[in-house]
Amino acid sequence: MSRRLAVLAACMKELGLKLGSFSDRLVTQKSIYLFQVMGFDLGYRYSWYLRGPYSPALTADAFKVAEAEANDIDLGSVQLTADARETARRITELLEKHREAGLDKPQWAELLASMHYLRHVVASPSKMTKSSVIERLRREKGFEREQMDYAWATLDELGLVQNKVLSRNE
């Protein structure tokens, strides 16, 4: 098995991720997305899909990890750094805020990842302002304004979105 799978397995374990249901797979996709944007690039690239950012390569690798674990196949020993473990802890805490938002965990994970993706990946930040991100998510996904304001503030606390429009010189 490749080192990439061993690293993914270690990340999934640290984040408490599984693939049993569609909801589990959605949380896995969004958790790894957030893990990457928080500074730990595992090499997965995302595109916009029905439920926000999605990586087909991550799905394939996550199923390989699950299959290897189910068949007691050793993926190799990978120890996450203290920083990576701390980031995983922060993501776990972040996803537990779903209750405050009035959403279930998969919806909350989708909202957070989608909000970041629209703000920073789809277009330049000067084009996807907070207002335009919120309007698109309201229109396409039906999230309520209060849920999106809470999600934006939560991401902003982590430094994952900027509330101001950046000029080309910043």
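Residues numbered from 1 in each chain as written. Predicted model: local features only at pLDDT ≥ 70, side-chain atom pairs only at ≥ 80, totals over all residues. Heavy atoms only, no water.

Asks: Report on the packing of helix α6 (residues 105-122) against helix α7 (residues 130-141), specifying residues and quantitative values.
Replies: Contact geometry for α6 and α7: axes closest at 10 Å, N-to-C directions at 130 degrees. Here α7 runs oblique to α6, going by the angle between their axes. Our pair here, α6 against α7, has a crossing hand that is right-handed. Touching Glu110, Leu111, Ser114, Met115, Leu118, Arg119 and Val122 of α6 are Val133, Ile134, Arg136, Leu137 and Lys141, all from α7. The residue makeup of the contact of α6 with α7, split by class, is 7 nonpolar, 1 polar and 4 charged. (Axes fitted to C-alpha atoms, helices over the stretch in contact; angles between N-to-C directions. Helix = DSSP H or I, 4+ residues; strand = E, 2+ residues; numbered from the N terminus. Parallel < 35°, antiparallel > 145°, perpendicular 65-115°, else oblique. Left-handed = near helix turned anticlockwise from the far one by under 90°. Contact = heavy atoms within 4.5 Å. Nonpolar A, V, L, I, M, F, W, Y, C, P; charged D, E, K, R; others polar.)

Asks: Kindly report on the pattern of salt bridges, identifying the contributing residues and their values.
Replies: Side chains that differ in charge, positive against negative, can pair when their charged atoms come close. Using the criterion set out here, one finds 15 salt bridges in the structure. A salt bridge links Asp61 to Arg4; the shortest N-O distance between them is 3.0 Å. Of this pair, Asp61 sits in helix α3 (residues 56-70) while Arg4 sits in helix α1 (residues 3-15), and the two are 57 residues apart along the sequence. Look at Asp61 and you get buried, because its relative accessible area is 9%. The class for Arg4 is partly exposed, based on a relative accessible area of 35%. In this structure, Lys141 and Glu110 form a salt bridge, with 3.0 Å as the shortest nitrogen-oxygen distance. Here Lys141 is found in helix α7, whereas its partner Glu110 is found in helix α6, with 31 residues between them in sequence. No difference in accessibility class separates Lys141 from Glu110, as the two residues are buried. (Salt bridge = Lys/Arg side-chain N within 4 Å of Asp/Glu carboxyl O. Buried < 20%, exposed > 50% of the residue type's maximum accessible area, 1.4 Å probe, protein only.)

Asks: Please set out the packing of aromatic side chains residue by residue, giving values where relevant.
Replies: Across all of its chains, the model carries 6 aromatic pairs by this definition. Pairing Trp48 with Tyr117 gives two aromatic rings, centres 5.7 Å apart and planes at 25 degrees, and the pair type is stacked. Here the residue Trp48 occupies a position in strand β1 (residues 47-49), and Tyr117 occupies one in helix α6, the gap between them amounting to 69 residues. The exposure class assigned to Trp48 is partly exposed, which follows from its relative accessible area of 24%. Since its relative accessible area comes to 7%, Tyr117 is described here as buried. Here a set of aromatic residues connected by ring pairs shows up, and it is made of Tyr33, Tyr46, Trp48 and Tyr117. The lysine or arginine in question, Arg136, covers the ring of Trp48, its NZ or CZ lying 5.2 Å from the ring centre. (Phe/Tyr/Trp six-rings, centres within 6.5 Å; stacked < 30°, edge-to-face > 60°. Lys NZ or Arg CZ within 6 Å of the ring centre and 35° of its normal.)

Asks: An account of unusual backbone geometry is requested, with residue identities and associated values reported.
Replies: Positioned with a positive phi, Asp72 is a non-glycine residue whose angle comes to about 55 degrees. With respect to the element layout, Asp72 can be found in the loop between α3 and α4 (82-95). Looking at Asp72, the relative accessible area reads 72%, which means it is exposed.

Asks: Can you break down the packing of helix α2 (residues 22-37) against α3 residue by residue, with the values?
Replies: At a closest axis distance of 11 Å, the pairing of α2 and α3 adopts a crossing angle of 115 degrees. You can see that α2 and α3 cross each other, and the crossing is right-handed. When α2 is examined against α3, the residues Arg25, Thr28, Gln29 and Ile32 are found in contact with a partner set consisting of Leu58, Thr59 and Phe63. For the contact of α2 with α3, the residue count by class is 3 nonpolar, 3 polar and 1 charged.

These values are about where atoms sit, not about what they do.
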